[in-house]
Amino acid sequence: MPDGYRILFLAGGAMHQFAMVPANLATPGGTVAYADSGYWAQRAMAEAARQHQVCVVARHEGTQALAAPPLQGWQLPPGSAYCHITPNETVEGIAYPGLPDVGDVPLVADCTSSCLTAPLPIARFGLVYAGAQKNLGIAGLAVVVIQEALLARSSASLASVASYRLQAQAASCVNTPPVAALLVTAMVLDWIDAQGGLPAMAEANQRKAATLYCAIDASQGFFCAPVALGHRSLVNVRFCCANAALDTVFATEAEAAGLHHLRGHPRIGGLRASLYNAMPQAGVDALVDFMAHFQRRYG
Ligand code: PMP
């Protein structure tokens, strides 16, 4: 953490921040910029659009493999209160290969599925937020890292629990914080430290993702990863078999073999393996073994 930032521990989840970010950083009716990278970016935008003018500054176009929006050419409308990105799209399994240059406009990021999976250059952001339940602990808590200078933007008319400025002044205790979720997060942070910190997390996550993507790419088309190289998420690995029926057989047989939650998000189907920090390499190795076994029987 560089100087000049505050960490808030707030009740609720990432979707609370979909509402709190525009409410605190923009004036009602003001303009906010969003990059449309997929499902969660769109939900964040929809929440902001309740009270603000949302301008979509980037999206992936074209019929080629799925990818994050291009990082160049973002035209931010004058007076944009901030620019919002979703560095890792949990549902589509898409990750940006870098960060956009948004000039003086504060960059805001929903890091719910990627926080603490690798080092993050906080100084590039005005605000970063994450729901705790993927890499930080259990549901009920959201972590917000905010540049101190932005705290002055929280209007006095906001509800006190929903004001970043008042929560920062009260050390996140305007009301009773979600103490059990905080305790779990403290334990997870100790565990991450004991593993060697974020560089060690990044190395482990790269190894896990490489194991799985290599198995998919080496399957001679039996399994396919639809996301473009360079844009593939390290923690949400999307893949599929030749058809939806076989995907269902795969997920059902995997479940019976003790490999759970491999069905894709209902919106897009297919298969998805989420390899958050808590997933050990042995879990990925077991999945890859199962995939080889499955291909021998159905290939
Ligand atoms: N953003 C992203 C990127 C997510 O993955 C999720 C949850 N899957 C959310 C927001 C919503 O989080 P919550 O349920 O904590 O509101």
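Rules used throughout
- Residues numbered from 1 in each chain as written.
- Predicted model: local features only at pLDDT ≥ 70, side-chain atom pairs only at ≥ 80, totals over all residues.
- UniProt positions renumbered as here; feature names shortened; annotations may be inferred.
- Helix = DSSP H or I, 4+ residues; strand = E, 2+ residues; numbered from the N terminus.
- Rg over C-alpha atoms; globule rule 2.2 N^0.38 Å.
- Contact = placed C-beta atoms within 7 Å.
- Buried ≥ 20, exposed ≤ 12 C-beta atoms within 10 Å, placed from the backbone.
- Domains from an automatic or database assignment.
- Nonpolar A, V, L, I, M, F, W, Y, C, P; charged D, E, K, R; others polar.
- Axes fitted to C-alpha atoms, helices over the stretch in contact; angles between N-to-C directions.
- Parallel < 35°, antiparallel > 145°, perpendicular 65-115°, else oblique.
- Expected span 1.5 Å × (residues − 1).

Per an unreviewed UniProt entry, the protein chain goes by the name Phosphoserine aminotransferase and belongs to Diaphorobacter limosus. You can read under Subcellular location (unreviewed entry) in the UniProt record for the protein chain the words "Cytoplasm".

A. Examining the overall build of the protein chain more closely. Along the protein chain, the regular secondary structure elements total 7 helices and 11 strands. Against the 2.2 N^0.38 benchmark of 19 Å for 299 residues, the protein chain shows a C-alpha radius of gyration of 20 Å, consistent with a compact globule. Viewed in the frame of its principal axes, the protein chain has a C-alpha envelope of about 65 × 45 × 30 Å. In the protein chain, the share of contacts with a sequence separation of at least 24, taken over all contacts with a separation of at least 6, comes to 64%.

B. A look at the UniProt feature "binding site: pyridoxal 5'-phosphate" (unreviewed entry) in the protein chain. If you check UniProt for "binding site: pyridoxal 5'-phosphate" (unreviewed entry), the listed places come out as Trp40, Thr90, Asp110, Gln133, Asn175 and Thr176 in our numbering. Spatially, the listed residues are scattered: they cover 137 residues, and their C-alpha atoms lie as much as 30.5 Å apart. Relative to the assigned elements, Thr90 resides in the loop between β5 (88–89) and β6 (94–95). Judged by C-beta crowding, with 22 C-beta atoms within 10 Å, Thr90 ranks as buried. Apart from residues lying up to four places away in sequence, Thr90 is in contact with Trp40, Ser113 and Asn236. Mapped onto the fold, Asn175 is located in the loop between α3 (164–169) and α4 (179–195). Owing to 11 C-beta atoms within 10 Å, Asn175 belongs among the exposed residues under this scheme.

C. Broad picture of the domain arrangement of the protein chain. The domain boundaries assigned to the protein chain delineate domain 1 (5–191) and domain 2 (198–298). One C-alpha centre belongs to domain 1, the other to domain 2, and the line joining them spans 27 Å. Each partner contributes residues to the interface: domain 1 has 22 residues there, and domain 2 has 23 residues. Here the residues of the side of domain 1 that touches domain 2 are counted per class, giving 12 nonpolar, 8 polar and 2 charged.

D. View of the packing of α4 against helix α5 (residues 197–217). At a minimum axis distance of 7 Å, the contact between α4 and α5 shows a crossing angle of 80 degrees. Relative to α5, α4 is oriented roughly perpendicular. In this structure, α4 uses Ile192, Asp193 and Gln195 to contact α5, whose residues at the interface are Gly197, Ala200 and Met201. Per-class residue counts for the contact of α4 with α5 are 3 nonpolar, 2 polar and 1 charged.

E. Quick peek at helix α1 (residues 14–25). With 12 residues, α1 should cover 16 Å at 1.5 Å per step; its first-to-last C-alpha distance of 16 Å lies within 8% of that length. With 9 of 12 residues buried, α1 lies mostly within the body of the structure. Of all the residues in α1, the buried ones are Ala14, Gln17, Phe18, Met20, Val21, Pro22, Ala23, Asn24 and Leu25.

F. Seen up close, the UniProt feature "modified residue: N6-(pyridoxal phosphate)lysine" (unreviewed entry) in the protein chain. In this numbering, the UniProt entry assigns the feature "modified residue: N6-(pyridoxal phosphate)lysine" (unreviewed entry) to Lys134. C-beta crowding within 10 Å serves as the criterion here: with 24 such atoms nearby, Lys134 is assigned to the buried category. In this structure, Lys134 is in contact with Thr112, Ser113 and Tyr276, ignoring residues within four places of it in sequence.

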